[in-house]
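Listed below are the residues making up each chain.
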Amino acid sequence: MNAPSAERIACIECDLLVQVGELHGGQRAACPRCGNTLTAPAPDGLTRTLAFALGACVLLLAANAFPFLALEAKGLEQVMTLPRTAVELYRDGYATLAVLVLGPIIGIPALMLATMLALLVPIRRRVRAPWLVPAGRLLFLLSPWSMVEVFVIGVLVSLVKIGAMASVVLGISFWAYVGFAVCFTASLSSLDRFEIWREIEACTA
Amino acid sequence: MSSFPAGTAAAEGLASCHVCLKVAPESLGRCPRCRARLHLREPNSIQRTMALLATASLLYIPANVLPIMTTEQLGRATGSTIIGGVVILIHHGDYPIAAVIFIASVLVPLSKLFVLGWLCWSVSRRQPSSHHERTRLYRAAELVGKWSMTDVFVVAILVALIQFAGILRFTPGTAALAFGGVVIVTMLAAHAFDPRLIWDQLGDSDD
């Protein structure tokens, strides 16, 4: 009963039923009617996703552990770290803003990374883990709400705005966060939704 | 709405699971793979999208009228709105940054409201415009949504970084929350809109 190539996909944008054959090394299946990508499994997609996810984990930890930006103006110095940003916003009574900002840039990506590890490690080892289906649902529920790349642009805009008032020094954490954003995005882009659910099914069936 | 165009999953009574993409008979009720509810189309898609668009439009008013950030310099507090911030940047000659903020905070949310509103209108009126073009518009609206958060992030960074008591201090304004609300609600609206509705009228016109 091993016939994954016989599977039909309904295009999520126009609902056309398409019979997708076996794809090889980086091929992309597109909807013949609306052009939407149906599935595009990267070669070694699971391994690549896992590797980038592990890298992203380490860099995210580093991004939280060191100074993010430092500011010098007229002999005064101020250092900002990401966790302290959350604490300060909360203490000043801007709890909602703290959640609105730190959620999409740290909280949700961290949760997504944990979910990805919880999915990919058992799948690669062909272990039947009871949490695979809920983890898969959680991952695709969270993914629209991660805004790591938007935050990097936000930091760059802030640098220009502050640059007029004081000199800003980029901390280790800033570079760690940029690296994290790159790894995290690369990890997500080599994760094919159709493929991962087929793997989950193969592990739970 | 009773019949679906030939060749679609819905025409065969099959629903594609919105969580795991599995194609399964809608009569099962729940997806056999991930247990999510199965629907041929998003239930009440147009109605929910329109409701969310109305909410976002209302939130957009305080987001632009109220100050997004207050600057306290030597005891003097001045608030600046989103547009005010763009004008100040232009006066300073920071054109690229002014453009980034203008695009992210004004152009993207407004065009998103108009595009989704027009898509809802054209689908519910069965208006004969190009399916390809409308699908492309929908993709664009969905893709650019989160970039509007840029200005909210900038406010948070300035507030956290610049805290020189008595000399220079930034505090976030109510507009920052309202604008964050606009971004979240328009993202929900794009998510609620079902692009398959565009293609359900394929029999109506030539494309």
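Details of the structure are given in the entry above.
Please read all numbers here as calculations on a predicted model, not as lab measurements.

Here is what the cut-offs are and how they apply
- Residues numbered from 1 in each chain as written.
- Chains lettered and ligands numbered in written order.
- Predicted model: local features only at pLDDT ≥ 70, side-chain atom pairs only at ≥ 80, totals over all residues.
- Contact = placed C-beta atoms within 7 Å.
- Helix = DSSP H or I, 4+ residues; strand = E, 2+ residues; numbered from the N terminus.
- Nonpolar A, V, L, I, M, F, W, Y, C, P; charged D, E, K, R; others polar.
- Axes fitted to C-alpha atoms, helices over the stretch in contact; angles between N-to-C directions.
- Parallel < 35°, antiparallel > 145°, perpendicular 65-115°, else oblique.
- Left-handed = near helix turned anticlockwise from the far one by under 90°.
- Buried ≥ 20, exposed ≤ 12 C-beta atoms within 10 Å, placed from the backbone.

Asks: Any chance you could break down the interface of chain A and chain B for me, citing the residues and the numbers?
Replies: Each side of the interface is counted separately: chain A has 45 residues, and chain B has 47 residues. Those elements that place two or more of their residues in the side of chain A that touches chain B are strand 1 (8-10), strand 5 (69-73), strand 6 (76-80), helix 2 (82-91), helix 3 (95-124), helix 4 (132-142), helix 5 (148-163) and helix 7 (193-204) of chain A. Broken down by element, the side of chain A that touches chain B gets its largest block of residues, 10 residues, from helix 5 of chain A. Grouping the amino acids of the side of chain A that touches chain B by side-chain chemistry returns 31 nonpolar, 6 polar and 8 charged.

Asks: Give me the lowdown on the packing of helix 2 (residues 82-91) of chain B against helix 3 (residues 95-124) of chain B, citing residues and values where you can.
Replies: Residues and elements named next belong to chain B. In the contact formed by helix 2 and helix 3, the axes pass within 8 Å of each other and the chain directions differ by 165 degrees. Relative to helix 3, the element helix 2 lies roughly antiparallel. As for the relative orientation of helix 2 and helix 3, their crossing is left-handed in sense. On the side of helix 2, the interface is formed by I82, G85, V86, L89 and I90, while helix 3 contributes Y95, I97, A98, I101, F102, S105 and V106. Among the residues forming the contact of helix 2 with helix 3, the class breakdown is 10 nonpolar, 2 polar and no charged.

Asks: Outline unusual backbone geometry, listing residues and values.
Replies: Even without glycine at this site, D44(A) takes up a positive phi of about 55 degrees. As for its placement among the helices and strands, D44(A) is situated in the loop between strand 4 (37-39) and helix 1 (45-65). In this structure D44(A) comes out as partly exposed when scored by C-beta crowding, with 13 C-beta atoms within 10 Å. Of note, L21(B) is a non-glycine position whose phi angle comes to about 70 degrees, a positive value. Relative to the elements of secondary structure, L21(B) occurs in the loop between strand 1 (14-16) and strand 2 (23-25). Using a count of 23 C-beta atoms within 10 Å as the deciding quantity, one classes L21(B) as buried.

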